[in-house]
Amino acid sequence: MTALTRGSVRPNQWLRNLNAKIASIPMILTAVVIFLGGTIWTVVYSFTNSKLLPRLSFVGLDQYERLWAAPRWIISIQNLAVYGFFSLVFSLVIGFVLAALMDQKIRFENTFRTIMLYPFALSFIVTGLVWQWLLNPQFGIQSIVRSLGWTSFSFDPLYDADIVIYGILIAALWQGTGLVMCLMLAGLRGIDEDIWKAARVDGIPMWKTYVLIIIPMMRGVFITTLVIIASGIVKVYDLVVAQTSGGPGIASEVPAKYVYDYMFQAQNLGQGFAASTMMLITVAIIIVPWAYLEFGGGRKRG
Amino acid sequence: MDNMFASNNTLTAYEKETRRIEAGPSGRKPRRRLSRRNIIVYGTLIVVALYYLLPLYVMIVTSLKGMPEIRVGNIFAPPLEITFEPWVKAWAEACTGLNCDGLSRGFWNSVRITVPSVIISIAVASVNGYALANWRFKGAELFFTILVVGAFIPYQVMIYPIVIVLREMGVYGTLTGLVIVHTIFGMPILTLLFRNYFAGLPEELFKAARVDGAGFWTIYFKIMLPMSLPIFVVAMILQVTGIWNDFLFGVVFTRPEYYPMTVQLNNIVNSVQGVKEYNVNMAATILTGAVPLVVYFVSGRLFVRGIAAGAVKG
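Where an unreviewed UniProt entry is consulted, chain A appears under the name Sugar ABC transporter permease, with the organism given as Sinorhizobium glycinis. According to the UniProt record, the Sequence similarities (unreviewed entry) comment for chain A is "Belongs to the binding-protein-dependent transport system permease family."

Now the structure itself:
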């Protein structure tokens, strides 16, 4: 970067800038040994039949065949798909609408923001346990509505295998939409005031200005938010553990929990490695196109 | 400005009036305080705010009730008789497995995990970021790219190799091991944060120090560090809340006697044995959430800045 360090055409290449190299050892080790090495290690061992201990006896794609034949994995994937889809859609829509409301030059903006964002400071464990209590059919929301006179009212997502994932979704949205709102608000604040004036002069209604002008202009913010939410979705684990422990039965299992249980509980490492490799592939499907658009495409243009 | 006032004074009343009319309406538009638009905007925001506050309210209310009152009453009702017994019980008596010494053990474990993890991860990452911003060497960008891309890899992929590495080092299951893990996983975002911050500082400062003969560490400690207090505070907020709220690493990399507060909380609330004491559970939940909440409310805008920095990776 600097002129001084750039003149690096000297014979003793390795000793130059030695302090910086020594200081970067933790970063280099983390990047190469843990992130790169660890990932490759896991992928390689996912082709073995490791049980209690990792062993290098290759069995081809056996672990993957077993994985995709396991009902629990299929349910995990279905849950992740449903949870991921609704989580993305609702986070983006709610987050944007809230940000648009907050952008109306309102009073008490700080108070509203503080209230909407505080759940994000809480852990998924705390979030899960609170919503477990609120959704408790015996004491929670269901019993309140029933006591108001609507005795046939039924809302017990955590005990109904068909809708349990939506119970988790409610808690996740409570925890995470504040963050999306904040990111969107920052995006809205970055838009030139003149755009609004021009739209008003042309007599374009406000909602139309948002949909046709502002949202397309905020493409970058939307994509960044999307990537953040999406990579968070794939990792979802604590919330499920706290709120339902995967139940009722196996109805709310997710891939991250499958990995943990097979690696550390069932002593079936090979299955755990195969499942975690599938998670890696899922993330790659999200990240690679984004990285390409964001960095690769830009380089071509430039 | 002065000129205008001066000429204004000499104008006749008639001229003033014509100018005023020609200039068009001025000043604030008279607006009814309760316009329809305002009602919709504030109404929605208040309803949303209530939705966000509801769980916190229910948590607090439940934790102050006795169990008999919970069984008959509704969860939104304020306590008829306030009792702090659930809090005492959650802190000092709640059972996980065979231990019945409450959440206090988890709290102190979390403190013993969080404090060194925050300090070490920030120290390591700030020096990394500094080297990347000011002392670039060949290949540095490549390692940094791997690091940032690695931040998106699910932890589950890297957990087992780390278990092996820690076991080889002889620190698997100890607090030291967990501190190392937090340092590793805090590194991508923190390094990015510090690199961008240091790169934004005026380059002349660095050059001048170099001309004066200052080396790598002198410049770091004497110039960069004193100039970067805000970013250190942002990093601290990010790390304290992140590490305190961690669950997965706590479960995987420590033994039960070192379990952090989140893990112990989950074990207390979701234990299958015994009668469920919802008031104790809620008191324990608030206690666990208290530290990040305090950090959040005290830090205010800096917290927002931290998560914005944390969120906008790359």
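After that view of the structure, there is still more to cover.
Asker: If you had to explain the overall build of chain B to someone new, which residues and values would you point to?
Answerer: For chain B, the helix and strand inventory stands at 16 helices and zero strands. In chain B, which comprises 314 residues, the share counted as buried stands at 41%. Considering only contacts within chain B whose residues lie at least 6 apart along the sequence, 74% involve residues at least 24 apart.

Asker: Please set out the overall build of chain A residue by residue, giving values where relevant.
Answerer: Scanning chain A from terminus to terminus reveals 15 helices and zero strands. Here chain A has a C-alpha radius of gyration of 25 Å; the compact-globule value for 302 residues is 19 Å, and the former is much larger. Taking the principal axes of its C-alpha atoms as reference, chain A extends roughly 80 × 55 × 30 Å. Each of the 302 residues in chain A was classed as buried or not, and the buried ones make up 40%. Pairs at least 24 apart in sequence give 67% of the contacts found in chain A among residues at least 6 apart.

Asker: For unusual backbone geometry, give the residues involved together with the corresponding values.
Answerer: All names here are of chain A. Despite not being glycine, Phe108 has its phi angle at roughly 60°, a positive value. As for its position among the elements, Phe108 is in the loop between α5 (71-102) and α6 (109-121). On the basis of neighbour counts, which here come to 13 C-beta atoms within 10 Å, the residue Phe108 falls in the partly exposed class. In this model, Gln267 sits at a positive phi of 50°, which is unusual for a non-glycine residue. Locating Gln267 in the fold gives a position in the loop between α14 (255-265) and α15 (269-301). Residue Gln267 is classed as partly exposed on the basis of its 13 C-beta neighbours within 10 Å.

Asker: Any details on the nonpolar core? Residues and values, ideally.
Answerer: Soluble globular proteins: nonpolar side chains tend toward being buried together. Among the nonpolar cores identified, the biggest contains 151 residues, and Ile168(A), Met181(A), Ala275(A) and Ala284(B) are the most heavily contacted of them. Each of two domains, domain 1 (1-83) and domain 2 (104-311) of chain B, supplies a minimum of three residues to this core. Dropping the residues within four chain positions of it, Ala275(A) is found in contact with Leu67(A), Trp73(A), Pro255(A), Tyr258(A), Val259(A) and Tyr262(A).

Asker: I'd like a rundown of the interface of chain A and chain B, residues and numbers included.
Answerer: In this assembly, 75 residues from chain A lie in contact with 74 residues from chain B. Of all the elements, helix α3 (residues 25-45) of chain A adds the most residues to the side of chain A that touches chain B, at 14 residues. In terms of residue class, the side of chain A that touches chain B is made up of 53 nonpolar, 19 polar and three charged.

Asker: An account of the UniProt feature "domain: ABC transmembrane type-1" (unreviewed entry) in chain A is requested, with residue identities and associated values reported.
Answerer: UniProt feature "domain: ABC transmembrane type-1" (unreviewed entry): in the numbering of this structure it lies at residues 77-292 of chain A. Each end of residues 77-292 of chain A is marked by a C-alpha atom, and these two atoms are 26 Å apart; helix forms 75% of the span and strand 0%.

Asker: Can you break down the domain arrangement of chain B residue by residue, with the values?
Answerer: Residue and element names in this part refer to chain B. Split into domains, chain B comes out as domain 1 (1-83) and domain 2 (104-311). Every element with two or more residues in the side of domain 1 that touches domain 2 is listed here: α3 (36-63) and α4 (67-72). The element that contributes the greatest number of residues to the side of domain 1 that touches domain 2 is α3, accounting for four residues.

Asker: Hey, could you go over helix α12 (residues 219-234) of chain A for me, with residue numbers and the actual values?
Answerer: In this model, α12(A) (16 residues) spans 23 Å end to end at C-alpha, consistent with the 22 Å of a helix rising 1.5 Å per residue. Among the residues of α12(A), those classed as buried are Val221(A), Thr225(A), Val227(A), Ile228(A), Ile229(A), Ile233(A) and Val234(A).

Asker: An account of the confidence of the model for chain A is requested, with residue identities and associated values reported.
Answerer: Residue and element names in this part refer to chain A. Predicted confidence across chain A gives a mean pLDDT of 87, with 93% of residues reaching 70 or more. Mean pLDDT per element in chain A: helix α1 (residues 3-6) is the minimum at 49, and α5 is the maximum at 94. The low-confidence segment residues 298-302 (pLDDT under 50) makes zero contacts with residues lying over four places distant or belonging to another chain.

Asker: Can you tell me about the UniProt feature "transmembrane region" (unreviewed entry) in chain A, naming the residues and giving the values?
Answerer: Residue and element names in this part refer to chain A. Under the feature "transmembrane region" (unreviewed entry), the UniProt entry names residues 21-47, 80-102, 114-134, 163-188, 209-234 and 273-293. Across residues 21-47 one finds 89% helix and 0% strand; the C-alpha atoms that close the span lie 36 Å apart. Structurally, residues 209-234 is divided into 96% helix and 0% strand, and its ends, taken at the C-alpha atoms, are 34 Å apart.

Asker: Describe the confidence of the model for chain B, listing the residues and the values that go with them.
Answerer: All names here are of chain B. Across chain B, pLDDT averages 85, with 87% of residues at or above 70. The element-level mean pLDDT for chain B is lowest in helix α1 (residues 2-10), coming to 46, with helix α6 (residues 104-134) highest at 94. Contacts for the low-pLDDT stretch residues 1-8, under 50 throughout, to residues beyond four places or in other chains number zero contacts. Interface scoring of the predicted complex returns ipTM 0.85; its pTM is 0.85.

Asker: Before we move on, could you go through the packing of α5(A) against α12(A) and cite the residues and values that matter?
Answerer: Residue and element names in this part refer to chain A. Viewed as axis vectors pointing N to C, α5 and α12 meet at an angle of 145°, and their least axial separation amounts to 10 Å. The interaxial crossing formed by α5 with α12 has right-handed handedness. Side by side, α5 and α12 meet where Tyr83, Gly84, Ser87, Leu88, Ser91 and Leu92 of the first sit next to Thr225, Leu226, Ile229, Ala230 and Ile233 of the second. By residue class, the composition of the contact of α5 with α12 is seven nonpolar, four polar and no charged.

Conventions and cut-offs
- Residues numbered from 1 in each chain as written.
- Chains lettered and ligands numbered in written order.
- Predicted model: local features only at pLDDT ≥ 70, side-chain atom pairs only at ≥ 80, totals over all residues.
- UniProt positions renumbered as here; feature names shortened; annotations may be inferred.
- Helix = DSSP H or I, 4+ residues; strand = E, 2+ residues; numbered from the N terminus.
- Buried ≥ 20, exposed ≤ 12 C-beta atoms within 10 Å, placed from the backbone.
- Contact = placed C-beta atoms within 7 Å.
- Rg over C-alpha atoms; globule rule 2.2 N^0.38 Å.
- Core = buried A, V, L, I, M, F, W, Y, C linked by C-beta atoms within 7 Å.
- Domains from an automatic or database assignment.
- Nonpolar A, V, L, I, M, F, W, Y, C, P; charged D, E, K, R; others polar.
- Expected span 1.5 Å × (residues − 1).
- pLDDT = per-residue confidence, 0-100.
- Axes fitted to C-alpha atoms, helices over the stretch in contact; angles between N-to-C directions.
- Left-handed = near helix turned anticlockwise from the far one by under 90°.

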